[in-house]
Amino acid sequence: MKSKQFIFISVILLFINHSIAFSQNSKSYFQMANDFFDNGDYKNAVAYYEKNLPSNKTAYGANHIYIGNDYFLIGVCYKRLGEYDEAISNLKKALEIFESPKIQSDKSVSETKKNAAKFASDTALEIGNAYEALGEFKKALSYFQKELSINLKIYGDNHTKTSDAYRNVGYMNFQCGNFQESIQGFSKAAEIRKFALGENSLGFAECLIDLAEPYTATENYAVALANLKKAEEIYNSLLQPNNINFAYLYQTVSDYYRQTANINQSLNYGYKAIEIFDKNYGENNPASIAVYLAEIEKCYAVQGDDTRSLAILLKVKSYYEAHPHQNLTSALSGISDIYSNKGDYENAIVYCQKAMDTSKKYWGEKTPGMADLYHSMGLIYGLKKEYEIALSFYKKSLDLYIELQKEDTEEILSLIGSIASTYFCLDDYEKAEYFQTEVCKRAHALGYTGTEATAYYSLGALYNNPNFQNIKKSAECFRKSFELRRNTVFYDSTINSAMRAFYITAGLKSFSNETDFFQEMISLATDTTERARLDMASKKSDILKEILPIYYYAVDFEAKNNNPTKAFEYSEMLRSRGFLDQIGLERALSLDGVTNSEREQIKELTAQISIARKEIEAQSNLSINERDSERMSQAEKTISAAENELSKLDDKIAKRLPSYALLRNPQTAKVKDAQKWCGKNRAILEYVMWNSEILDDCEILKEQNTRKCADEIKFSSYCLVVTNKKITAVPLDSSYDYNSAISSLREAIT
């Protein structure tokens, strides 16, 4: 879908061939305008097209097809200049003429109407493109639907132009969040192209790539991946490896893997796309930078790797400043968000203001993008605890959203949630409760799961506040938030929701019998941690500190529910994650099959990554004027190159030494393997000894009320006895003394 391109040069040429000027002066204006247009000088082109317009009106009248042509060309020039309001105004005038029953030309009536219908289709397409550029997706969709209805009449059901229109409708439905309608549009386009072009055509492959995105969004992952693989097969049979179409394919594959939480694969395909873009266009081409912005940075954002995100976005910023492009707004906004996350609010405000200025330059003041930026600025001031200023920006944002959208959107509901959170900080709990409850209800009605989860999370925090406390409501809200986030790829959010749901609910008697809920919560939290541990090596220890109490609780929970096999599995996670991860690399490098040269290479590459990370961190902490962007960019290149080489080297060694891969990524012992090892004469004793000091390392438990709930949870210590016949979880007393459980131990090992 990202490869969707709108081509209108052929349409312009059609118009130009039909345009016959009235006078020598008018003819000169028109030819000069065309020359300027061909040379990319749209400012002078539009000036001369506008000079040509009055003479044509005098010669032919206001409803002549040539006048529609003039308005169309003027609109296209304004669109290319980024002046979208002017573009839309002129294009609508052109469309009105082309759709008028009174339209005139020097052709027959039937031919005039036929040509006018074709021109109306292409003009509707251009208006849709302009609205899309402004972020007004619903308006864009209405014009793409108009294009489709016209194409169905003049081209029929099986024409490639009709297929193109179905693609545009499918694409914009996707942008509007209408995923089923998007699938319908793309499927129809694919059906037409399969019939018209063949199953092994580039056009059909494009539609398969289109379909992958809404299928991914609706969690039909198997169908999405099958479409992407089929598209890749077609490309492999028709194209050279570095053809630009592969870059668009890899962008979509990268997005698929990011959405399915396979961050390493997502990064792999993202960088492959960049490599192809660079070979086709050069590193400074905006198309190449768009890949950085759209895929790579998103991956690091999901991982919580602000250092890498910031380095990439600052690089993107420098490219867009050197090669002016409207996407500079997104880069500046992203930089602002990262500084805000890092607590550097002054820099966050500076970059958010720059984003606002850039947005005004390219799109004007009344756009959804500007409303988003007002919201972002309010969030920064909220974090600075300047709540009244935050509310003033929220009001600006909300007024603009309502003026533009006229109805609830996910952005509006997110903004209302921010307003609720600000009232919470101002100790106005009733208003906070009212607004947050509204968000929950309205988000649920519209199917905005992420927004609903965030709102329930905020309500849980509100009810956990000592001045507005209702522990049962708090537990229910955190639980609801956790359940809504069960499919998210954002590790921090999932783990954070799990932690709160766990600490608030585990100590409540009203939840004591809900074993299914706790089993699901524990399983999802630990599974998420496992994925995060593999994808986020730099944050691994922090993640484990946060999740460690759940592993202990899981052993205790399963043991008390007479499921010692599951208790052993969680115990193994504790053992391997706390111990083997730390010594894995050292042990792997000591294997006999690893050469001295490989050991030195790995140590050197690891050192390069560490040094480059420190350089990026040091530069990002400097003021804008002091920062050396070139050094940051070079450090980012160093990390990417070193990680790539390290990955290749690991794969190379692992192919000849399977044990190397096992040590680099330690796996937990399986129950069957442990019992097989025991044989007839051996037993495994695995101790799980709880110490409340573990809670001191959890960031979330620095909140007084949450820590209080955690302290009320009763953790037990165990000795897990594994024999070839069974597993027994033997509870230990507070001093880890066997005396109180000696009979259980004797029974387990005899």
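Since we're looking at a predicted model, the values are computed, not measured.

Rules used in this analysis
Residues numbered from 1 in each chain as written. Predicted model: local features only at pLDDT ≥ 70, side-chain atom pairs only at ≥ 80, totals over all residues. Heavy atoms only, no water. Helix = DSSP H or I, 4+ residues; strand = E, 2+ residues; numbered from the N terminus. Buried < 20%, exposed > 50% of the residue type's maximum accessible area, 1.4 Å probe, protein only. Contact = heavy atoms within 4.5 Å. Areas by Shrake-Rupley, 256 points an atom, 1.4 Å probe, with all protein chains shown as cover. Axes fitted to C-alpha atoms, helices over the stretch in contact; angles between N-to-C directions. Parallel < 35°, antiparallel > 145°, perpendicular 65-115°, else oblique. Left-handed = near helix turned anticlockwise from the far one by under 90°. Nonpolar A, V, L, I, M, F, W, Y, C, P; charged D, E, K, R; others polar. Core = buried A, V, L, I, M, F, W, Y, C linked by side-chain atoms within 4.5 Å. Pairing = 2+ DSSP bridges. Salt bridge = Lys/Arg side-chain N within 4 Å of Asp/Glu carboxyl O. Expected span 1.5 Å × (residues − 1). Patch = residues over 30% accessible without salt bridge, like charges linked within 9 Å, V, L, I, M, F, W, Y side chains within 5 Å. Phe/Tyr/Trp six-rings, centres within 6.5 Å; stacked < 30°, edge-to-face > 60°.

### A look at the overall build of the protein
Next up, step 1: In terms of helices and strands, the protein carries 33 helices and three strands.
Next up, step 2: Within the span of the protein, comprising 750 residues, buried residues form 50% of the whole.
Next up, step 3: Residue pairs in contact within the protein that sit at least 24 positions apart in sequence constitute 65% of those at least 6 positions apart.
Next up, step 4: Surface summary for the protein: the accessible area is close to 34,600 Å², and the carbon and sulfur share equals 49%.

### Some remarks on the packing of helix α5 (residues 84-99) against helix α7 (residues 137-154)
Two quantities define a packed helix pair, namely the angle between the helix axes and the distance between the axes.
Next up, step 1: Between α5 and α7, the least distance of the axes is 14 Å, while the angle of their chain directions is 25°. Viewed along their axes, α5 and α7 adopt a mutual orientation that is roughly parallel. Crossing handedness for the pair α5 and α7: left-handed. Of the residues in α7, those in contact with Lys92, Leu95 and Glu99 of α5 are Tyr143, Lys146 and Ile150.
Next up, step 2: Taken together, the residues that form the contact of α5 with α7 break down as three nonpolar, no polar and three charged.

### Topic: the nonpolar core
Note on soluble globular proteins: their nonpolar side chains tend to be buried together.
Next up, step 1: Residues Tyr49 and Leu249 are the most contacted members of the largest nonpolar core, which totals 83 residues.
Next up, step 2: Considering each element in turn, this core owes the most residues, ten residues, to helix α4 (residues 65-80).
Next up, step 3: Apart from the residues lying within four places of it in its own chain, the contact partners of Tyr49 are Phe30, Ala33, Asn34, Phe37, Leu73, Ile74 and Cys77.

### As for the pairing of strand β3 (residues 727-732)
Next up, step 1: Within β3, five of the six residues are buried, which leaves it mostly tucked inside the rest of the structure.
Next up, step 2: Hairpin connection of strand β2 (residues 717-722) to β3: four residues between the antiparallel strands.

### Some points on the pattern of salt bridges
Next up, step 1: Tallying each qualifying case throughout the model produces 21 salt bridges.
Next up, step 2: Between Lys139 and Glu136 there is a salt bridge whose closest N-O contact spans 3.1 Å.
Next up, step 3: Close ionic contact of Asp255 with Arg258 constitutes a salt bridge, the shortest N to O distance being 2.4 Å. Here Asp255 and its partner Arg258 are both found in helix α12 (residues 244-259), three residues apart, which amounts to about one turn of the helix.
Next up, step 4: Bridged by salt links that share partners, the residues Asp164, Arg167, Arg193, Glu206 and Asp210 form one connected network.

### A look at the environment of Leu225
Next up, step 1: Inspection of the secondary structure puts Leu225 in helix α11 (residues 221-238).
Next up, step 2: The exposure class assigned to Leu225 is partly exposed, which follows from its relative accessible area of 21%.
Next up, step 3: Residues Leu225 and Ala212, spaced 13 residues apart in sequence, show a C-alpha to C-alpha distance of 6.9 Å.
Next up, step 4: Dropping the residues within four chain positions of it, Leu225 is found in contact with Tyr256 and Tyr257.

### Side note on the pairing of β2
Next up, step 1: Counting buried positions over the six residues of β2 gives six, a clear majority of the element.
Next up, step 2: The side-chain alternation of β2 yields two buried faces, one formed by Ser717, Cys719 and Val721 and the other by Tyr718, Leu720 and Val722.
Next up, step 3: Looking at chain direction, β2 and β3 are connected through six bridges and run antiparallel. Each residue of the ladder has a partner; that of Leu720, found in β3, is Ala729.

### Quick word on the environment of Lys118
Next up, step 1: With respect to the element layout, Lys118 can be found in helix α6 (residues 109-133).
Next up, step 2: Looking at Lys118, the relative accessible area reads 27%, which means it is partly exposed.

### Focus on the sheet that holds β2
Next up, step 1: Spatial strand order, β1-β2-β3: three strands in an open sheet with antiparallel pairing. Because the sheet does not close on itself, it has two edges, and the strands there are β1 (684-688) and β3. Ignoring which end each strand starts from, the neighbouring axes of this sheet average 20° apart.

### Details of helix α13 (residues 263-281)
Owing to its 3.6 residues per turn, the α-helix aligns residues three or four sequence positions apart on the same side.
Next up, step 1: Compared with an ideal rise of 1.5 Å per residue, which puts 19 residues at 27 Å, α13 spans 26 Å between its outermost C-alpha atoms and is within 8% of the ideal.
Next up, step 2: Residues of α13 that are buried include every one of Ile263, Ser266, Leu267, Tyr269, Gly270, Ala273, Ile274, Ile276 and Phe277, and no others.
Next up, step 3: Positive backbone phi, approximately 95°, marks Gly282, located one or two places after α13.

### Regarding a nonpolar patch on the surface
Next up, step 1: On the surface, a nonpolar cluster with roughly 280 Å² of combined accessible area is contributed by Leu685, Tyr687 and Met689.
Next up, step 2: Structurally, Leu685 can be placed in strand β1.
Next up, step 3: Take Leu685: its relative accessible area is 43%, and that puts it in the partly exposed class.

### Topic: the packing of aromatic side chains
Next up, step 1: Enumeration over the complete set of coordinates arrives at 25 aromatic pairs.
Next up, step 2: Between Phe36 and Tyr48 the ring centres are 5.6 Å apart and the planes differ by 25°, which places this aromatic pair in the stacked class. Taken together, the residues Phe36 in helix α2 (residues 24-38) and Tyr48 in helix α3 (residues 42-60) connect sequence positions twelve residues apart.
Next up, step 3: The class of Phe36 is partly exposed, set by a relative accessible area of 24%.
Next up, step 4: Here Tyr48 falls in the buried class, since its relative accessible area comes to 18%.
Next up, step 5: Look at Tyr552 and Trp690: their rings are 5.3 Å apart centre to centre, the planes differ by 70°, and that puts the pair in the edge-to-face class.

### Overview of α12
Next up, step 1: Compared with the 22 Å implied by 1.5 Å per residue over 16 residues, the 23 Å span of α12 between its first and last C-alpha is a close match.
Next up, step 2: For α12, the tally of buried residues reaches 15 of 16 residues, placing the bulk of the element in the interior.

### Regarding the side chain of Asn245
Next up, step 1: Turning to its location among the elements, Asn245 is positioned in helix α12.
Next up, step 2: Asn245 gets classed as buried once you look at its relative accessible area, which sits at 16%.
Next up, step 3: Those residues in contact with Asn245 that lie beyond four places of it in its chain are Glu206, Tyr235 and Leu239.

### Quick word on unusual backbone geometry
Next up, step 1: With a phi angle near 70°, Lys385 is a residue other than glycine that sits in the positive phi range.
Next up, step 2: A positive phi angle, near 60°, is found at Asn562, a position not held by glycine.
Next up, step 3: Look at Asn562 and you get exposed, because its relative accessible area is 70%.

### Re the environment of Ala94
Next up, step 1: With respect to the element layout, Ala94 can be found in helix α5.
Next up, step 2: By relative accessible area, which is 0% here, Ala94 ends up buried.

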